[in-house]
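Okay, here's what each chain looks like letter by letter:
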Amino acid sequence: AYKVGGFIATQMVLFANSVSVMLPAYRNVLKEKYGRGAVYVRRHGIFSSRPEYPDFSKRGNPEQRILAFGKWGTYKRLEPLLEAFDEVVERCPEARLVVAGTDHPKTPGYLQGLQQRYAHRKEINFIGYIAEEEIPELLQRSSIAVLPYTSSAGSSGIAHLACTYGVPMVASDIPDFRRLADEEGIAIDFFTPGDI
C-alpha cells in the first residue's frame, strides 16, 4: 500500500507545471522512473539571503568554535563528535563545541540526555533552537562546521548555510555529501562516518 500510494502521489505531483528538486540525482530518478513531468533542479542555497563575506575577526576570538547544527538523534548523531572533541581539546585547548538545533521529532529527549551527561564540560555548549535572525551571527563566529551524519535525507541546508557565511566544513563521507560537493563545487573535507 505504501509503494502504491507513493507512486500515485508522485504521478499527481508530476502533473504540475513545474516540480523543483534539490539534487540532480533526484531529477534523474523522476525522469527515469516516471518518464514525464517538468522537473527542475533548484539549488538549496537559493533560499538563503545574499551571501556575506566571512568576518574573520569573529573567528578564533578568543575561541575556535566548532559548530554542529541540526535536528539531532536519528541519522544525525553527536556521540562520535563528542568523543572526537576530546582529542581536539588536547591539541587545541581554546576549542569550543557549539551544538545548535533541537531533537528530531522521532527522538525526543536525545539532546537533553547528552546535555546532562556533558554538563560538567564548560567547553561544550548546547544552545538549542536558533531563530532565523540569529543564524548569521552563529555562523560568522564559527571556525568550522561539522556534519556528523550516518545517512542523509537530501541536500543539506546546513552545508548551504556554511557556504553562505564562508565556514569550512567537515562531513561524513556519504553519497549525498559527495554529490553535493561534486555537483555544486562545494569544498568539504570528508571523514569515514562514525570514525572519530
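These notes cover the structure that comes with them. (Residues numbered from 1 in each chain as written. Predicted model: local features only at pLDDT ≥ 70, side-chain atom pairs only at ≥ 80, totals over all residues. Heavy atoms only, no water.)

### Comments concerning the overall build of the protein chain
Secondary structure summary: the protein chain contains seven helices and eight strands in total. The C-alpha extent of the protein chain, read off along each of the three principal axes, is 55 × 40 × 30 Å. Looking at the protein chain residue by residue over its 196 residues, the buried ones come to 38%. Considering only contacts in the protein chain between residues 6 or more positions apart, those separated by 24 or more positions represent 64%. Summed over all atoms, the accessible surface of the protein chain reaches about 11,100 Å², with 55% contributed by carbon and sulfur. (Helix = DSSP H or I, 4+ residues; strand = E, 2+ residues; numbered from the N terminus. Buried < 20%, exposed > 50% of the residue type's maximum accessible area, 1.4 Å probe, protein only. Contact = heavy atoms within 4.5 Å. Areas by Shrake-Rupley, 256 points an atom, 1.4 Å probe, with all protein chains shown as cover.)

### A short note on helix 3 (residues 79–91)
Looking only at helix 3, the buried set comprises Leu-81, Leu-82, Ala-84 and Phe-85. Elements that come into contact with the buried residues of helix 3 comprise strand 3 (64–72), strand 4 (95–103), helix 4 (110–117), strand 5 (124–128) and strand 6 (144–147).

### Concerning the pairing of strand 6
Of the pairings in the sheet, the one linking strand 3 to strand 6 comprises two bridges and is parallel in character. Paired with Leu-67 across the bridge in strand 6 is Ala-145. Note that strand 6 and strand 7 (residues 169–172) share three bridges and pair parallel. Each bridged residue has a counterpart across the sheet, and for Val-146 the counterpart in strand 7 is Val-170. (Pairing = 2+ DSSP bridges.)

### Some remarks on the environment of Trp-72
Relative to the helices and strands, Trp-72 resides in strand 3. With relative accessibility at 0%, the residue Trp-72 sits in the buried group. Residues Trp-72 and Glu-183, 111 residues apart in the sequence, show an inter-C-alpha distance of 26 Å. Excluding residues that lie within four positions of it along the chain, Trp-72 makes contacts with Arg-77, Leu-78, Val-99, Ala-100, Gly-101, Thr-102, Asp-103, His-104, Thr-107, Tyr-110, Leu-111 and Pro-148. In terms of polar contacts, Trp-72 uses its side chain to reach the backbone carbonyl oxygen of Ala-100, at 3.0 Å. (Polar contact = N/O pair within 3.5 Å; in protein donor to acceptor, adjacent residues only side chain to side chain.)

### Thoughts on the side chain of Arg-121
Its place among the elements puts Arg-121 in the loop between helix 4 and strand 5. Within polar-contact distance, the side chain of Arg-121 engages the side chain of Asp-86 at 2.8 Å. Beyond its immediate sequence surroundings of up to four residues, Arg-121 is in contact with Phe-85 and Asp-86.

### Regarding the packing of aromatic side chains
The tally for this structure, following the rule as stated, stands at three aromatic pairs. Geometrically, the ring pair formed by Tyr-75 and Tyr-149 is edge-to-face, given 6.0 Å between the ring centres and 85° between the ring planes. With Tyr-75 in the loop between strand 3 and helix 3 and Tyr-149 in the loop between strand 6 and helix 6 (157–164), this pair connects stretches of sequence that are 74 residues apart. Taking the relative accessible area as the measure of exposure, Tyr-75 reaches 23% and is therefore partly exposed. The class for Tyr-149 is buried, based on a relative accessible area of 3%. (Phe/Tyr/Trp six-rings, centres within 6.5 Å; stacked < 30°, edge-to-face > 60°.)

### Digging into the nonpolar core
Soluble globular proteins: nonpolar side chains tend toward being buried together. Counting residues in hydrophobic clusters, the biggest one holds 25 residues, and the most contacted among them are Leu-67, Phe-69, Leu-138, Leu-147, Met-169 and Phe-177. Of all the elements in the fold, those that place two or more residues in this core are strand 3, strand 4, helix 5 (135–140), strand 6, helix 6, strand 7 and helix 7 (175–184). With sequence-adjacent residues up to four places away left out, Leu-138 is seen in contact with Leu-67, Phe-69, Val-98, Ala-100, Ile-127 and Ile-130. Counting 18 residues, the second-largest nonpolar core is a separate cluster that includes Leu-78, Leu-81, Cys-92 and Leu-114. (Core = buried A, V, L, I, M, F, W, Y, C linked by side-chain atoms within 4.5 Å.)

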